[in-house]
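# Fold and contact review
Here are the chains, one letter per residue:
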Amino acid sequence: MKLKDLGEFNFINRINRAIKLSGRVIKGIGDDAAVLRYTKDKYMLFTADMLVEGKHFHKCDKAVLVGKKALSCNISDIAAMGGSPKFAVISVGFPGSLDLKYADELYKGIRKSADSFKVDLVGGDTVGSGKIIINIALIGEVEKENLTLRSGAKENDAIFVTGNIGGSIKLKHLNFTPRLEEARFLVKNFKINSMIDASDGFLADLGHILEESDKGAAILEKAIPVSKNASRFDSAIRDGEDFELIFTLPERQADRLENAWLFKTRLSRIGQICNGREGLSLVRKSGKSEKIKPAGFTHF
Ligand code: ADP
Ligand code: MG
């Protein structure tokens, strides 16, 4: 059997089943970051992401943006847990023939993102490699009361998304701003029941919330904010790498949130959580409702 026959998510589930965890782990595999026991008031968050030349970026992409993305996608995962990023280690695989200028620019991008979001760069590893590979692991922390998992969605919760969905590959996927300020504002001022950052695609990531929470949802085509770079609605909701937040909160807090939202980032209320047996349905602009599979990007 080959990895591609199993699929990325089944492979990760297989790893998960074989792992035994100590009592220090609150949440291991299965959310945007691991949640670990830390202090009386806070949890530690721990996440990693890897970028590979030819897969996530190309040699012709600006190195400074590749570096910025390498850290920003980790910050996005910490934000999706409701927390703040703190310390990162950076491991790189570089061909010996690589221009020093490229490596310098890449680190300039990493530093830019680290400075903006107050992350200390504290170590890493350097190896020779045929292709450029960047792996960053990031530690963050979150006040216990602000921890937000994928698994907390409740029936009748309102579903929101930040920014615009789809078409990110044309522009935004290398040069996006992780929604850290927005996420911190949300968890400090509202009862956010569940949250995820959309990296696999809007539908797939909403699907992760539904699966982990054992819930269904009804979403409205007319309310979903599609990017003008996206070709069609149906592909926009499946495109990966939006790095927007998808979250749910009790319906009675939805109006207050819409009134309190002071960020430039767009905020859209796009549907409602329902019973798990009802699955996921999409209400088309015509008013017709159809069942839809929450599929998106997978690596194999
Ligand atoms: P995200 O898109 O938020 O970065 P992923 O889809 O990459 O999340 O990963 C989902 C979950 O699976 C996370 O909890 C992650 O830590 C875990 N995971 C992914 N790959 C591996 C692996 N090779 N070994 C162990 N855990 C993994
Ligand atoms: Mg994530």
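### So, the sheet that holds strand β1 (residues 25–27)
If you trace the 6 strands from one edge of the open sheet to the other, you get β1-β2-β3-β6-β4-β5, paired in mixed fashion. Each edge of the open sheet carries a strand with a single partner, namely β1 and β5 (120–128). Put simply, the sheet's adjacent strands are angled 20° from each other on average, direction ignored. In the packing of helix α4 (residues 100–116) onto the sheet, contacts are made with β4 (84–94), β5 and β6 (133–143), and the angle to β4 comes to roughly 170°.

### So, the nonpolar core
Counting residues in hydrophobic clusters, the biggest one holds 51 residues, and the most contacted among them are Ile-134, Phe-247 and Leu-257. Shared between two domains, this core takes at least three residues from each, and those domains are domain 1 (3–145) and domain 2 (149–291). Residues Val-161, Leu-206, Phe-233 and Ile-273 belong to the second largest nonpolar core, which totals 22 residues.

### Some words on the coordination of the magnesium ion (ligand 2)
At the metal site, the magnesium ion (ligand 2) is ligated by Asp-32 (OD), Asp-77 (OD) and Asp-197 (OD), and these contacts range over 2.0 to 2.1 Å. The motif formed by the donor residues of the magnesium ion (ligand 2), counted along the single chain, is D-x44-D-x119-D. Taken as a pair, Asp-77 in helix α3 (residues 63–80) and Asp-197 in strand β8 (residues 194–197) lie far apart in primary sequence, 120 residues in all. Here Asp-77 and Asp-197 have matching classes, each one buried.

### Quick word on the domain arrangement of the chain
Think of interface size as the accessible area that goes away when the parts come together; that is how it is often given. Per the domain assignment, the segments making up the chain are domain 1 (3–145) and domain 2 (149–291). Put simply, the middle of domain 1 and the middle of domain 2, counted by C-alpha atoms, are 23 Å apart. Of the residues lining the interface, 27 residues belong to domain 1; the matching set on domain 2 comes to 22 residues. Counting each side, the surface lost to burial between domain 1 and domain 2 is near 2,100 Å², with a carbon and sulfur contribution of 57%. By the criterion of area lost to domain 2, the three top residues of domain 1 are Lys-69, Ser-76 and Phe-117, representing 22% of everything that side buries. Applying the counting rule to domain 1 against domain 2 returns 5 salt bridges. A salt bridge links Asp-31 to Arg-150, with the nearest nitrogen and oxygen atoms 3.6 Å apart. Counting across the domain 1 and domain 2 interface gives 9 residue pairs in polar contact (both at pLDDT 80 or more). Looking at the side of domain 1 that touches domain 2, the elements with two or more residues in it are α3 and β4.

### Focus: the environment of Gly-96
Tracing the sequence through the fold places Gly-96 in the loop between β4 and α4. Of the residues examined, Gly-96 reaches a relative accessible area of 84% and is grouped as exposed. Distance in space between the C-alpha atoms of Gly-96 and Val-127 is 9.4 Å, their sequence separation being 31 residues.

Cut-offs applied
- Residues numbered from 1 in each chain as written.
- Chains lettered and ligands numbered in written order.
- Predicted model: local features only at pLDDT ≥ 70, side-chain atom pairs only at ≥ 80, totals over all residues.
- Heavy atoms only, no water.
- Pairing = 2+ DSSP bridges.
- Helix = DSSP H or I, 4+ residues; strand = E, 2+ residues; numbered from the N terminus.
- Axes fitted to C-alpha atoms, helices over the stretch in contact; angles between N-to-C directions.
- Contact = heavy atoms within 4.5 Å.
- Core = buried A, V, L, I, M, F, W, Y, C linked by side-chain atoms within 4.5 Å.
- Buried < 20%, exposed > 50% of the residue type's maximum accessible area, 1.4 Å probe, protein only.
- Domains from an automatic or database assignment.
- Donors = N, O, S within 2.8 Å, 3.2 Å for Na, K, Ca; no water.
- Buried area = accessible area lost by both parts, 1.4 Å probe.
- Salt bridge = Lys/Arg side-chain N within 4 Å of Asp/Glu carboxyl O.
- Polar contact = N/O pair within 3.5 Å; in protein donor to acceptor, adjacent residues only side chain to side chain.

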